[in-house]
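Structure at a glance
The chain contents come next:
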Amino acid sequence: MTKSVSNLAAVLPSPGSALDIQERKIPSPGPGEILIRNRALAINPMDWKRQLYGFAVSSYPAVLGTDLAGVVDQVGPGVTLFQPGDRVLASAAGFLTGNSDQGAFQTYTTVMDALATKVLDKITFSEAATLPAAVSTATIALFDVLGLPISDLENTATSTNPTKTGILVWGGASSTGSAVVQFARLAGLVVFATASPQHHDRVRALGATAVVDYRSPTVVEDLLAAAREAGTPITLALDAISTEETLPLVARVLAESEDGPGSDRKKILATLLPWPDTVARPESVQVLWVAGQRIWKERIDLGRLVFNKLLGKWLETGEVVPAKVQVVDGGLSSLQAGMDEVRKGVSGVKVVVELDE
Ligand SMILES: NC(=O)c1ccc[n+]([C@@H]2O[C@H](COP(=O)([O-])OP(=O)(O)OC[C@H]3O[C@@H](n4cnc5c(N)ncnc54)[C@H](OP(=O)(O)O)[C@@H]3O)[C@@H](O)[C@H]2O)c1
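Below is a summary of the structure that appears in this document. Predicted model, so just to flag it, every value in this text is computed and none were measured.

1. Overview of the site of the ligand
In the vicinity of the ligand there are 26 residues, among which Thr-176, Ser-196, Tyr-214, Val-290 and Ser-347 approach most closely. A total of 950 Å² of accessible area belongs to the ligand in isolation, and the protein chains cover 84% of it. Sorting the residues of the shell around the ligand by element identifies α1 (45-53) and α6 (175-186) as the ones contributing at least two each. Its residues assigned to classes, the shell around the ligand shows 13 nonpolar, 12 polar and 1 charged. Of the residues that make up the shell around the ligand, three or more belong to each of domain 1 (7-131 + 322-354) and domain 2 (136-293).

2. What about a nonpolar patch on the surface?
Together, Leu-52, Tyr-53 and Phe-55 line one region of the surface with nonpolar side chains, adding up to about 330 Å² of accessible area. On the secondary structure map, Phe-55 appears in the loop between α1 and β4 (62-63).

3. Brief notes about the pairing of strand β11 (residues 208-212)
Among the 5 residues that make up β11, 4 are buried, leaving the element largely enclosed by the rest of the structure. Strand direction decides the pairing type here: strand β10 (residues 190-194) and β11, joined by 4 bridges, are parallel. Each residue of the ladder has a partner; that of Ala-193, found in β11, is Val-211. Each parallel crossover has a hand, and the one from β10 via helix α7 (residues 200-206) to β11 is right-handed.

4. Focus on the nonpolar core
Counting residues in hydrophobic clusters, the biggest one holds 61 residues, and the most contacted among them are Leu-89, Leu-142, Leu-153, Phe-183 and Leu-238. Here this core spans two domains, and each of domain 1 (7-131 + 322-354) and domain 2 (136-293) adds at least three residues to it. By size, the runner-up hydrophobic cluster in this structure holds 33 residues, among which are Ile-34, Trp-48, Val-72 and Leu-332.

5. Here we look at the side chain of Ser-126
With respect to the helices, strands and loops of the structure, Ser-126 is situated in helix α3 (residues 125-129). If sequence neighbours within four positions are ignored, Ser-126 has contacts with Ala-40, Val-325, Val-327, Val-352 and Glu-354.

6. A few points about the packing of helix α8 (residues 219-230) against helix α9 (residues 246-256)
Here α8 crosses α9 at 35°, and the two axes come no closer than 10 Å. For the element pair α8 and α9, the recorded crossing hand is right-handed. Contacts from Val-219, Val-220, Glu-221, Leu-223 and Leu-224 in α8 reach Leu-249, Arg-252, Val-253 and Glu-256 in α9. Residues of the contact of α8 with α9, tallied by class, amount to 6 nonpolar, no polar and 3 charged.

7. Structural notes on the pattern of salt bridges
Applying the stated criterion across every chain, the model contains 13 salt bridges. Its salt-bridge partner being Asp-144, residue Arg-299 comes within 3.0 Å of it at the nearest N-O pair. Placement of Arg-299 in the loop between β14 (286-289) and α10 (300-317) and of Asp-144 in helix α4 (residues 132-145) is noted, with a sequence separation of 155 residues between them. The exposure class assigned to Asp-144 is buried, which follows from its relative accessible area of 17%. Residues joined in a network through salt bridges with shared partners are Asp-144, Arg-294, Arg-299 and Asp-301.

8. Description of α4
Between the first and last C-alpha of α4 there are 18 Å, a value that for 14 residues agrees with the 20 Å anticipated at 1.5 Å per step. Summarising burial for α4: 14 of the 14 residues are buried, a large majority. Residue Gly-147 follows α4 closely and has a positive phi angle near 75°.

Thresholds, definitions, all that
- Residues numbered from 1 in each chain as written.
- Predicted model: local features only at pLDDT ≥ 70, side-chain atom pairs only at ≥ 80, totals over all residues.
- Heavy atoms only, no water.
- Near = heavy atom within 4 Å.
- Areas by Shrake-Rupley, 256 points an atom, 1.4 Å probe, with all protein chains shown as cover.
- Helix = DSSP H or I, 4+ residues; strand = E, 2+ residues; numbered from the N terminus.
- Nonpolar A, V, L, I, M, F, W, Y, C, P; charged D, E, K, R; others polar.
- Domains from an automatic or database assignment.
- Patch = residues over 30% accessible without salt bridge, like charges linked within 9 Å, V, L, I, M, F, W, Y side chains within 5 Å.
- Salt bridge = Lys/Arg side-chain N within 4 Å of Asp/Glu carboxyl O.
- Buried < 20%, exposed > 50% of the residue type's maximum accessible area, 1.4 Å probe, protein only.
- Pairing = 2+ DSSP bridges.
- Right-handed = clockwise from strand over helix to strand, strands pointing away.
- Core = buried A, V, L, I, M, F, W, Y, C linked by side-chain atoms within 4.5 Å.
- Contact = heavy atoms within 4.5 Å.
- Axes fitted to C-alpha atoms, helices over the stretch in contact; angles between N-to-C directions.
- Left-handed = near helix turned anticlockwise from the far one by under 90°.
- Expected span 1.5 Å × (residues − 1).

So yeah, pure geometry; function would need other evidence.
Have a look at this one:
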């Protein structure tokens with residue numbers, strides 16, 4: 001089934017250098033792996049951080065990238081869920097394994113079948129590529145770090161979350177925040193979010209009960225008022241931005257949201273970046289860091305459930321929608337321009353590079 005074409009790759013030759021287009025051998029899928037001919041690659045902040053700081057790069061030359069969508073070219077031993085020709089999205093594990101065959105930024109990538117999802121024609125490859133890292137991180141944040149029962153996600157039709165837990169998603173328009181809003185809504189939580197005003201309608205459509213402008217000088221009071229109006233205290237939070245500016249505000253919302261007399265529910269703040277040394281830790285709030293890479297190893301069970309069983313169904317019904325796509329033209333050689341774009345900062349979009357068939 002493998003086409004007689006080469007595997008062009010955007011290779012990082014050495015720490016901090018620019019990406020260089022080189023030919024690599026087409027990888028062979030091992031047990032439990034599938035080989036994908038990539039059609040769209042999405043860029044995450046972690047990609048430029050790895051390029052610049054050598055973060056999660058064990059050796060050079062390296063192939064970066066985790067988010068891809070394309071067509072299954074070959075399946076490895078033991079794979080039963082996929083076959084050549086399937087349109088899929090997948091999370092490439094090279095970030096964890098250091099294996100360049102498992103980096104997304106090339107024509108052919110091997111991925112674990114546990115972290116791939118079949119996608120219907122109505123979702124474009126570019127849209128599909130926006131999902132893997134956001135979905136993985138949302139899954140780990142909610143069902144590993146914050147400890148929500150995964151059964152709430154499996155039984156969304158009947159999930160009622162009788163405790164009426166409120167969650168704050170700070171940065172609801174970000175790629176990760178948008179996925180957390182959707183997954184939290186599916187798990188039955190009442191979602192409060194922050195975003196720039198131009199994204200309020202979209203974040204509400206994703207499932208937030210109330211969305212507040214994070215630049216408002218009264219943002220904490222506005223969120224507390226929204227929680228009171230909804231009759232749902234905010235006891236959980238995910239800060240998708242996790243800076244010196246945002247973390248104290250999120251901690252204040254948790255500390256000041258009233259959980260009813262006598263309640264002993266823990267207030268938990270999940271951060272996407274480590275808590276900065278320069279900021280005092282809140283006393284009444286537990287702070288936990290989200291390590292999204294747990295999806296590839298320790299919590300592969302959650303990965304398999306979400307990617308193999310739930311996500312495809314939700315995309316079909318529209319219960320989960322991809323991010324808005326911003327395509328950078330030029331294929332693999334435009335990945336560097338795309339990474340520079342993401343580093344400058346994006347608003348409500350995922351930067352994607354498309355590859356020819
Ligand atoms: N720990 C992990 O496993 C993990 C996993 C994934 C990502 N991350 C990290 O998480 C961060 C977010 O990644 P991402 O890909 O989700 O980001 P992204 O989509 O690139 O974030 C862009 C969004 O951030 C929002 N934003 C910027 N400053 C904000 C603020 N002060 N308050 C609220 N929203 C703000 C903007 O919202 P508006 O457009 O509304 O202004 C914009 O839409 C990055 O630092 C990334 O490295 C960590």
